[in-house]
Amino acid sequence: MTKTAIVIGATGLVGSYLVKQLLNDDAFSEVKIFVRRSINYSHPKLKEYICNFDQLKEVERDITGDVLFSAMGTTLKQAGGKEQQYKVDYTYQYEFAKLAAQNEVKQYVLVSSMSANSQSKAFYLRIKGQLEEAVRSLAFENITVFQPSGLLGKRQNRRRREEIGISMVNAVVKIIPGLKKYRGIEASTVALAMVSVAKQPLKNRVNTISLDRIFDFA
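We now turn to the structure provided with this report. Remember, predicted model here, so these are calculated numbers, not experimental data.

## A short note on the nonpolar core
Nonpolar side chains in soluble globular proteins tend to be buried together. Counting residues in each nonpolar core, the largest one holds 34 residues, and the members touching the most others are V7, V14, L22, F69 and M194. Residue assignment for this core shows that the elements contributing at least two residues are β1 (3-8), α1 (13-23), β2 (28-35), β4 (67-70), β5 (107-111), α6 (187-199) and α7 (211-217). Here this core gets 8 residues from one element, more than from any other, and that element is α6. When neighbours within four sequence positions are excluded, F69 is seen to be in contact with A5, I6, V7, I8, L18, L22, F28, V109, M194, V195 and A198. Among the nonpolar cores identified, the runner-up in size contains 30 residues, and F53, A97, L110 and V135 belong to it.

Structural data, given as structure tokens:
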């Protein structure tokens, strides 16, 4: 049987690759994306819902399908402050996931971050960890959390410092193999692994996929 996919974060780096892969995969007959602005792209399998993530009740009845892919994320600079970043990286994703679970969506696939920890002193890693913990209590039958390192790929808004940092780490890894777990990964590879897991869910109800295992699934 084919599946209906739901995607939030469709305009982001991982999300944009994810949508393309889902549309080209025969295992999915419908791809629903919930976005703040149109992606200006048409496809027979694509259904686009323009929504205000502060008012999700307006689209609640449309949040139906088989698997929810959550690929939202922002930076402190792009968000304009910690309060807004918390909204994007925690509140919007949790509230959307809660509605999906209430609507009996069975599977949830989340892009988090390496070293995510609800007790971390680093704000970004702390809210990622808090989200991971919060969604585990929702009534999904299967939850898979991906924890990639620095993401590589063509962004709409370039993050030069991040790109330089990832390039430096990848160079150092060639000299010090022990740092391999910190190497960057192509966003398209993460998206491919997410689709793979969605088609063949893992046996455990909750699964955390670290960097090396992402390469394996892709």
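## Remarks on unusual backbone geometry
With a phi angle near 55 degrees, N40 is a residue other than glycine that sits in the positive phi range. Structurally, the position occupied by N40 is in the loop between β2 and β3 (46-50). At S115, a position not held by glycine, the phi torsion is positive, near 70 degrees. Structurally, S115 is set in the loop between β5 and α4 (123-135).

## Details of the packing of helix α3 (residues 82-102) against α4
Closest axis-to-axis distance for the α3/α4 pair is 10 Å, and the angle between their directions is 15 degrees. It follows from the interaxial angle that α3 and α4 lie roughly parallel. Classified by chirality, the crossing of α4 by α3 is right-handed. Taking contact as the criterion, the partners of K82, Q85, Y86, D89, Y90, Q93, Y94 and A97 in α3 are, on α4, F123, Y124, I127, K128, Q130, L131, A134 and V135. Residues belonging to the contact of α3 with α4 are distributed by class as follows: 10 nonpolar, 3 polar and 3 charged.

## What about the pairing of β2?
Taking burial as the measure, the 8 residues of β2 include 7 buried ones, the bulk of the element. Relative to β2, β1 runs parallel, the two being bridged by 6 bridges. Each bridged residue has a counterpart across the sheet, and for V7 the counterpart in β2 is I33. Running through α1, the crossover from β1 to the neighbouring parallel element β2 is right-handed. Relative to β3, β2 is paired through 5 bridges, and the arrangement is parallel. For K32, the partnering residue across the bridge sits in β3 and is K47.

The rules behind the values
Residues numbered from 1 in each chain as written. Predicted model: local features only at pLDDT ≥ 70, side-chain atom pairs only at ≥ 80, totals over all residues. Heavy atoms only, no water. Core = buried A, V, L, I, M, F, W, Y, C linked by side-chain atoms within 4.5 Å. Buried < 20%, exposed > 50% of the residue type's maximum accessible area, 1.4 Å probe, protein only. Helix = DSSP H or I, 4+ residues; strand = E, 2+ residues; numbered from the N terminus. Contact = heavy atoms within 4.5 Å. Axes fitted to C-alpha atoms, helices over the stretch in contact; angles between N-to-C directions. Parallel < 35°, antiparallel > 145°, perpendicular 65-115°, else oblique. Left-handed = near helix turned anticlockwise from the far one by under 90°. Nonpolar A, V, L, I, M, F, W, Y, C, P; charged D, E, K, R; others polar. Pairing = 2+ DSSP bridges. Right-handed = clockwise from strand over helix to strand, strands pointing away.

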